[in-house]
Amino acid sequence: MTTPPYPEDLQQPTYPDDLEQPGLVRTGRSTFVRPIRPEDADRLVAFVGGLSRATLAYRSLGPVIRARDDVIRRGAYVDYLNELALVALAGDEIAGLVRYVRDTEDPDHAEVTFTIRDDDQSEGFGRLLLEHIAAAARARGIRVLKADVLADNTRMINVFLGSGYRVESGPPGQIVHFDIAVDPQAQAVARAERREHTAVRRSLRPLLEPRSVAVIGANRRPLTIGHEIVANLLRGGFRGSVFPVNPRAEQVAGTRAYPSVRELPEPPDLALIAVRAEAVPDVVRECAEAGVKAVVVVSTGFGETGAAGRSTELELSRFARASGMRLVGPNCMGVVNTTPSARLAATFSPALPTPGRVAMSSQSGPLGLAVLDFARRLRLGFSGFVSVGHAVDVSTNDLLQWWEEDPETSVILLHVETFGNPRRFARIARRVAPRKPIIAVHPGHGHATGQVDPGGRGGSGRRGDPESREDTGGRGDTAGHADPPGPSDSAVSSLFAQSGVIRTRSLQELFDAALLLAHQPPPPGNRVAVITNAGGPAALTVGACVASGLRVPPLGERTRESLRTALGPGAEVANPVDLTPMATAAHYRRALDAVLADDGIDAAIVLFMPPLADKPDEVAAAILDAAEAAPSKPVVASFLGGAGVADLLHRGELVVPTYAFPESAAASLGHAAAYQAWRSTPAGVVPDLPGVDTDRARSLLAGCAPGPVPPRIAAELLDSYGIAVRDAEPGSGPGSESRSEPGSELGSESGSEPGSRLGSGPDAFLSVGADPVFGPVVAFGLTGDYADLMADVAHRVTPLSDRDAREMVRSLRAAPLLDGRLGGPGVDLAALEETVLRISAMVEDLPEIEAMELRPIRLLPPGDGVAVTRATIRLADETRKGGPS
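Below is a summary of the structure that appears in this document. Fair warning: this is a prediction, and the values are worked out from it, not measured in the lab. (Residues numbered from 1 in each chain as written. Predicted model: local features only at pLDDT ≥ 70, side-chain atom pairs only at ≥ 80, totals over all residues. Heavy atoms only, no water.)

With respect to the environment of D771
- Looking at where D771 falls in the secondary structure, it is placed in strand β32 (residues 763-771).
- The class for D771 is buried, based on a relative accessible area of 4%.
- A C-alpha to C-alpha distance of 9.6 Å links D771 and V492, two positions 279 residues apart in sequence. (Helix = DSSP H or I, 4+ residues; strand = E, 2+ residues; numbered from the N terminus. Buried < 20%, exposed > 50% of the residue type's maximum accessible area, 1.4 Å probe, protein only.)

As structure tokens, this is what we get:
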């Protein structure tokens, strides 16, 4: 292997071969530890590309999941003194990596990070690599290695605590800081302070953990908004001061009132505003002058009333941020934080949630009222709830970052309509989801907007003519190739899944999934056992499992034999396990113990149905005992027709959620299994693409106005990203692909297919459009009936990794036409995937691009590449770009 040259900014150092040593991990497995070398660059890319999202999250303390190829390769170049990386090899592959970087301001200290391949994380590679890096650091004058570890990364914490080195840790928190004294003779000075909070979290603390709250517009009359906010603050046990503000009242809800926010005894951290819309701007100004740090505008009468109201609320947001305040709303119902440090119920909702592990952001005030009422009836506990209303400032993106580090929150729920900055949402979601499930209710925006066009065409423009628009009085969003409309419902689901977000279509489905993930672990796989005392409901459950992507496999022979012994000859020991109506609590316990011990089963659904059921308390205790004995496999129930957290299935911290109907239990398990599969799948890497000239592309864009880009400039822009646009042959332009003969794109040899002169493969298209939730979305499909009639189009959110591009191209139902499975030569899939990646890189680097389409793309035989024959690009108006929320 040829050694790659060192980057120009690095001098090639002397390789320290004295650090090459064999080693044994805890399990007795042999490995070889050595310093990293430049020729390890390919191994390093493969190593990082194979890490699961969960491992990347622990490694990076909240990562950007998709690492860039060039950044990864740079990690193979170190100077072996101020930066050193050691690899533990398993065969010719990297099983583990440790790296230190010397602190330039404190040279006898260095930051250290560890990364272990998923399949090797229980072997003991971390402790072995710590021993080697500590010795190497000590020889290079480093006394203390510093490490930051997520508090729930117990494996890495145990490596440090059990290492034998003197270890000092900072105060408990979401991130634990360790100082490891590598020289036993040195007096290591522990750094006790936690990592400084991010700017977003600092700004949200006065909102979600205020020390004092003012309610401006507090009313003396019960059942009014201003009165109920004060009453809820007091009833909720808020630990700080509550200041009702009403110039005509001496008291509100038994608490002294003040005539204005200026006359309060201290500047409150948080102010809730419940006055007429026209008075809100003056009140917000008074709050700023009084030193208030955050305001919640409950009042209505803003953006929902028209353009003037929208202008007013945007001005409110600008003023609040300029004054150092965060603003929630307007048109919202307040904020709730049940954590012990806050106990904040700053809302007028008549139903307050019980404390729990679920947090939710809702964009609708009325919906929020229903949510809190429903959650209380289900006994689903909340750690936090924020109604963001019109979200002119504080957004769901901000709240995700707060709950990301909140130790009291383990599940995050979202009511999703749109985001001010969808690119930011997609990135934050991909960072948070590996550690905390995010469940969103989103019925699909295509039907609401009339923009359900999977092929990226338009409903009102002429086929094949991106310049054609019907006069819609606005942007003409539903017209033209260069402005693809919203993806289909199935595509929306795939976009959520790519980001790691569990997508539900109803509030009931949202809460069903939340019940499971708040109280049970996600299943390690999709294999489910069903235990029942009634055959009919079991059959419905099996059907629901299959519909939810689950399997109900046969039980293992050892499990069946155990069931026969435990249950007697009358029981059905297949899967489902039918205990018969005469089943006792003991039967349920033995059956659950047996199936949960089966290596071929990942979860269990337990049915206990009236009117045949007897002694439900004993059966519930048996279910709890079995669930407690198998904590890594989730157990859910449909128990006596109840729903939520039932008293009988609740023991201390242990809860087996129950569902009114077994189909709901199956659907929730399906969501949890899909989430765990995503979480465990390697994310891939964003490759470093040769032939990209970003400076040239930016100079080309500098001379373009918003709107359609001239064809010559569009071709040059694509060329700057390594994509050549060939002139279409006569008669093979967009018009020819709009009405091909039936079957002409199924690989016929008649030559009637568009592009047949360039190759025998089908034609394809790639388009990019701005989705209101996800931001830039790439769509790929074959032209003609595949997209138009069969909706066979794949969608992905940028930035795309190599794995995303590969899966995208191969996910089409028409993929056999591309890979040669139907007997033909197939097409150049590698070139096609590279084109997808180049388009993704282009829209990431050039956010001015609002929409783009390459149609048709001639797919040529393997080795011949692809031929883009037409391209359209449109630039966004500055006024239409997403905001920073």
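Regarding the nonpolar core
- L207, F382, L413 and F511 are the most contacted members of the largest nonpolar core, which has 103 residues in total.
- Among the elements that line this core, the one with the most residues is helix α15 (residues 507-519), at eight residues.
- Look past the residues within four positions of F382 in its chain and what remains in contact with it is T338, P353, T354, P355, G356, V358, M360, V371, A375, L413 and F511.
- Counting residues in each nonpolar core, the second largest holds 54 residues, with L51, Y100, L145 and V685 among its members. (Core = buried A, V, L, I, M, F, W, Y, C linked by side-chain atoms within 4.5 Å. Contact = heavy atoms within 4.5 Å.)

Looking at the pattern of salt bridges
- The tally for this structure, following the rule as stated, stands at 50 salt bridges.
- Residue D819 pairs with R821 through a salt bridge whose shortest N-O separation is 2.6 Å.
- Overall, D819 belongs to the partly exposed group, its relative accessible area being 35%.
- Connected through salt bridges with shared partners, the residues R589, D593, D625, E628 and R651 form a single ionic network. (Salt bridge = Lys/Arg side-chain N within 4 Å of Asp/Glu carboxyl O.)

Things to note about the environment of A41
- Mapped onto the secondary structure, A41 falls in helix α1 (residues 41-49).
- Linking A41 and I72, residues 31 residues apart in sequence, is a C-alpha distance of 7.6 Å.
- Non-local contacts of A41, meaning those with residues more than four positions away in its chain, are made with R73 and A76.

Considerations on the pairing of strand β6 (residues 109-116)
- Where burial is concerned, most of β6 is hidden: six out of the eight residues are buried.
- What sits between strand β5 (residues 93-102) and β6 in their antiparallel hairpin is a turn of six residues.
- Here β6 runs beside strand β7 (residues 144-150); their pairing, made up of three bridges, is parallel. Bridging across to β7, H109 finds its partner in V144.
- For the handedness criterion, the β-α-β arrangement of β6, helix α4 (residues 125-139) and β7 is classed as right-handed. (Pairing = 2+ DSSP bridges. Right-handed = clockwise from strand over helix to strand, strands pointing away.)

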